[in-house]
Amino acid sequence: MAEPKLTLPALHVLRIRVTLRLAAPVRLPSFKGALFCSGLGYALQRIACPQQC
């Protein structure tokens, strides 16, 4: 018996560049990547999940 072929749907990727300008001076940690990544993840979760995920 032949195994069924599994295919994945096409995945479209959008590459964007975001520039942020602060309204007031702030002190940021030396590694800013985690700060922005967690902030973006939180915002995307609020958009995608209407209730608590």
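Look a little higher up for the structure.
Draft legend 1. Here's a closer look at the overall build of the protein chain. In terms of regular secondary structure, the protein chain is built from 1 helix and 0 strands. By the compact-globule yardstick of 10 Å for 53 residues, the protein chain is too spread out, its C-alpha radius of gyration being 19 Å. Each principal axis of the C-alpha atoms in the protein chain carries an extent, and together these give about 65 × 25 × 20 Å. The burial tally for the protein chain puts 0% of its 53 residues in the buried class. For the protein chain, the exposed surface amounts to about 6,300 Å²; the carbon and sulfur share of it is 63%.

Draft legend 2. Summary view of the environment of L44. Inspection of the secondary structure assignment puts L44 in helix α1 (residues 33-48). A relative accessible area of 48% places L44 in the partly exposed class. As for L44 and E3, which are separated by 41 residues in sequence, their C-alpha atoms are 38 Å apart.

Basis of the calculations
- Residues numbered from 1 in each chain as written.
- Predicted model: local features only at pLDDT ≥ 70, side-chain atom pairs only at ≥ 80, totals over all residues.
- Heavy atoms only, no water.
- Helix = DSSP H or I, 4+ residues; strand = E, 2+ residues; numbered from the N terminus.
- Rg over C-alpha atoms; globule rule 2.2 N^0.38 Å.
- Buried < 20%, exposed > 50% of the residue type's maximum accessible area, 1.4 Å probe, protein only.
- Areas by Shrake-Rupley, 256 points an atom, 1.4 Å probe, with all protein chains shown as cover.

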